Amino acid sequence: MSKKEWPLWEIFIRGQHGLNHRHVGSLHAPDAEMAINHARDVYTRRKEGVSIWVVPSSEITASSPSDKGPLFDPAESKVYRHPTFFDIPDEVGHM
Amino acid sequence: MALDATQVDQKALFDWLCRMGDNALILGHRTSEWCGHGPVLEEDIALANTALDLIGHTQMWLGLAGEVEGAGRTADNLAYLRDAMQFRNVKLVELPNGDIGQTIMREFLFDAFHFEMLTALVASADARVAEIAAKALKEVAYQFDRSSDLVVRLGDGTAESHDRMQAALEHFWPYTGEMFVADAVDEAMAQAGIAPALSEIESRWDTLVSETLAEATLVCPERRADVHTGGKQGRHTEHLGYILAEMQFLQRAYPGAEW
Amino acid sequence: MYAQMIKSEKSNETPEELAAFQARIDRGERIEPKEWMPEGYRKTLIRQIGQHAHSEIVGQLPEGNWVTRAPTLERKAILLAKVQDEAGHGLYLYSACETLGVSRDELFEKLHSGAMKYSSIFNYPTLTWADMGAVGWLVDGAAIMNQVPLQRTSYGPYARAMIRICKEESFHQRQGYSVMMKMAQGTEAQKAMAQDALNRFWYPALMMFGPSDAESVHSEQNMAWKIKINSNDELRQRFVNETVPQAHYLGLTVPDENLKFNEETGNWDFSQPDWTEFFEVLKGNGPCNEERLGARRKAWDDGEWFRDGLSAYAEKSAARRAAVAAE
């Protein structure tokens, strides 16, 4: 067994059509530069990307699952944030 | 001054295209032998990408060679139905893979040549050559980045990885000179402006290689680099015959069959 | 409704927790890495995802066996790309497994020591080029049959890995069938090779779904947890129903005298594979068990200096950067 396992990295890729970097998966690499090379070889085999971010998995801080209620439920009551909340008369046309 | 590319001896051009194609074919074949046996999953996948790129280059170079020859031979015909003495690759690419360090070192030594060669070929007087070179260059630029990076890392890694890389360098060194020994074919291509003079490529190769080796804490061998030549003229090592026996088995055993 | 079946493996798992967990699964919620889960669920997933990952990388070997002998440049590229995909799929699955608190190197150790298994199908040899067709068509076909429902499995990282894998794998079975078509429409020698490949791979492919559910120990619990979606027999029948007409199209004969379309059920009736053989191969007595595991061990052992060399360089260069930053 190797003395030390290569650390795990989380890979984010921005696709051909703009939009944000999206998490695509993980891989192992000894450092960030090699993680980028590996990500190119592993996760863009089908022309999936134009830009790669790599982050050590250990550096990801995630929200706690038990906080799901307090974190996300309040948004449910803010219905006025959605365009359908407002009635605009048909005569006004598209808005 | 470059002559008209159409005036060039077509036999020489065919030979030269086979050199480009056979280097890619044989190195791609060697690299593909790693599939499923790599030292770590990520490297296994990367090696397969390299092999796939080289197979793609083979199809383009040998495809054009067949066109230039004008005898109706396809890239597959050339790859699968020639014998060793008709192969035009340098001996460097047909040597066995050895350990992963040797594989990476050989790739690096060839990539540095390949990268400089393709960079020059983008300006070839023959538009077909320039087009293939432009397509292949993008991939080879990445291959060179990757192999030189790994040479630096392994050279400057542990004592063991350093020693293995130094040994790999010594092993392949006497085969590297062949890439730069120009013969009548190379000279005809250079005169026609189809390909660069190999002496130019050699000096750029020297710079690239010595910079990388220094960073890798590896020492350039003292011995002659052009000990083993002849591959480009069809005089190969014993290893090529075995590659062909394996690679061409189906085409030879079932002549005319479609796959 | 299934809560009563869950046997707690840890003394501190209360019936209420177990019931709440099952309720989440019954509501179709995905379980994510940091969330509470019964120890039995975690262990079963590690075993199943790990075994699946091992199968992908051991599965590189029988097809990798023909990469250097592929008959045309295009076939070589296609086969290599496909076998490379298997490595990628192994990588995705190991990553999913790692979210359960086991490292990839530990999983490799367990594969190499024989403590974890891989799919027995890969202990069969690939003897002719037609096997590249048969493996793609039958083995990938059977694998896809298993994998498509797993895109809906309850564990988030596993389901997401399966979605990616299924998307990439859609070309694998088709490339296998395309090899088979060329062979079946080719010379007499090629046809004979194609038939021989079908003869050798038919029953091993049927075995891939596992023994009949009646004999399968974990089935019920795993279905409750949505780690397993369909029964083994159900998937096997579905596979036979899809594959038999494909074999007929090729003009090949499925090696089963009892194969017969049943008008009543709408299914093809077929013979069971030899389960004694299945268990023997599982125990290590298949044609290629030693070669396959030997090749994996060798790759790992030979690669140790490479991995360690790169780790050492990464540490050195991090230290050098830190020293520069400190100046």
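Residues numbered from 1 in each chain as written. Chains lettered and ligands numbered in written order. Predicted model: local features only at pLDDT ≥ 70, side-chain atom pairs only at ≥ 80, totals over all residues. Heavy atoms only, no water.

Going by the annotation in an unreviewed UniProt entry, the name recorded for chain C is 1,2-phenylacetyl-CoA epoxidase, subunit A, with Tropicibacter naphthalenivorans given as the source organism.

Per an unreviewed UniProt entry, chain B is named 1,2-phenylacetyl-CoA monooxygenase, subunit C, and its organism is Tropicibacter naphthalenivorans.

## So, the domain arrangement of chain C
Residues and elements named next belong to chain C. Domain annotation for chain C reports domain 1 (15-274) and domain 2 (287-326). Inter-centroid distance (C-alpha atoms) of domain 1 to domain 2 is 30 Å. Summed over both sides, the interface between domain 1 and domain 2 buries roughly 1,200 Å², with carbon and sulfur atoms accounting for 64% of that surface. When residues of domain 1 are sorted by the area they lose upon contact with domain 2, L61, H112 and N123 head the list and together hold 47% of the total. Viewed at the interface, domain 2 and domain 1 are joined by zero salt bridges. Residue assignment for the side of domain 1 that touches domain 2 shows that the elements contributing at least two residues are α2 (39-58), α3 (60-64) and α5 (104-113). Broken down by class, the residue content of the side of domain 1 that touches domain 2 amounts to ten nonpolar, four polar and two charged. (Domains from an automatic or database assignment. Buried area = accessible area lost by both parts, 1.4 Å probe. Salt bridge = Lys/Arg side-chain N within 4 Å of Asp/Glu carboxyl O. Helix = DSSP H or I, 4+ residues; strand = E, 2+ residues; numbered from the N terminus. Nonpolar A, V, L, I, M, F, W, Y, C, P; charged D, E, K, R; others polar.)

## Things to note about the interface of chain C and chain A
Facing the 28 residues of chain C at the interface are 25 residues of chain A. Among the residues of chain C in contact with chain A, K34(C), D105(C) and R164(C) are the three that bury the most area, contributing 20% of the side total. With a closest N to O distance of 3.0 Å, E168(C) and R45(A) form a salt bridge. Across the chain C-chain A interface, the total number found is ten residue pairs in polar contact (both at pLDDT 80 or more). Top contributing element to the side of chain C that touches chain A by residue count: helix α13 (residues 304-326) of chain C, with ten residues. In the side of chain C that touches chain A, the residues fall into six nonpolar, six polar and 16 charged. (Contact = heavy atoms within 4.5 Å. Polar contact = N/O pair within 3.5 Å; in protein donor to acceptor, adjacent residues only side chain to side chain.)

## Some points on the state of the cysteines
Tallied over the entire structure, the rule returns zero disulfides over all chains. Unpaired in this structure, C288(C) has its nearest cysteine sulfur neighbour in C35(B), at a distance of 17 Å. (Disulfide = S-S within 2.5 Å.)

## Quick word on the side chain of R296(C)
Take R296(C): it is sitting in helix α12 (residues 289-302). The buried charged residue R296(C) lacks any salt bridge, with D44(B) as its nearest oppositely charged partner at 4.9 Å. Polar contacts involving the side chain of R296(C) include one to the main-chain carbonyl oxygen of G36(B), which spans 2.8 Å. Leave out the neighbours within four places in its chain, and R296(C) touches G36(B), I57(C), V58(C), Q60(C), L61(C), L111(C) and H112(C). (Buried < 20%, exposed > 50% of the residue type's maximum accessible area, 1.4 Å probe, protein only. Lys, Arg positive; Asp, Glu negative; His and termini not counted.)

## Description of helix α9 (residues 238-247) of chain B
Where α9(B) is concerned, the buried positions are L240(B), I243(B), L244(B) and M247(B). Angular distribution of buried residues about the axis of α9(B) spans 95°; they occupy a single face of the element. Seen from the open side of α9(B), the exposed residues pointing more than 90 degrees away from its buried face are E238(B), Y242(B) and A245(B). Looking at the buried side of α9(B), the elements it contacts are α1 (10-32), α3 (75-81) and α10 (249-253) of chain B together with α4 (73-98) of chain C. (Arc of directions from axis to C-beta.)

## Comments concerning the interface of chain B and chain C
The partner chain C presents 48 residues to the 49 residues of chain B that form the contact. Regarding the contact of chain B and chain C, the summed buried area is about 4,200 Å², with carbon and sulfur atoms giving 68% of it. There are four salt bridges connecting chain B and chain C. A salt bridge links R320(C) to D156(B); the shortest N-O distance between them is 3.1 Å.

## Some details on the confidence of the model for chain C
Any residue range with low pLDDT should be treated as having predicted coordinates unsuitable for detailed reading. Scored by pLDDT, chain C comes out at a mean of 94, with 96% of its residues at no less than 70. Across the interfaces of the predicted complex, the ipTM metric reaches 0.96, alongside a pTM of 0.93. (pLDDT = per-residue confidence, 0-100.)

## Remarks on empty space enclosed by the protein
Residues and elements named next belong to chain B. For the structure shown, the criterion picks out four cavities of 30 Å³ or more. The space that makes up the largest cavity amounts to roughly 90 Å³. Lining of the largest cavity is provided by W16, R19, M20, N23, V90, F113, M117, M179, D186, L198 and K232. Going through the elements one at a time, α1 and α4 (100-121) are the ones with two or more residues in the lining of the largest cavity. In terms of residues, the lining of the largest cavity owes the most to one element, α1, which gives four residues. Considered class by class, the residues forming the lining of the largest cavity number seven nonpolar, one polar and three charged. (1 Å grid on protein atoms, 1.4 Å probe; cavity = no way out; pocket = protein on both sides within 12 Å on 5 of 7 lines; lining within 4 Å. Points joined across faces, edges and corners; volume = space filled by probe spheres on them.)

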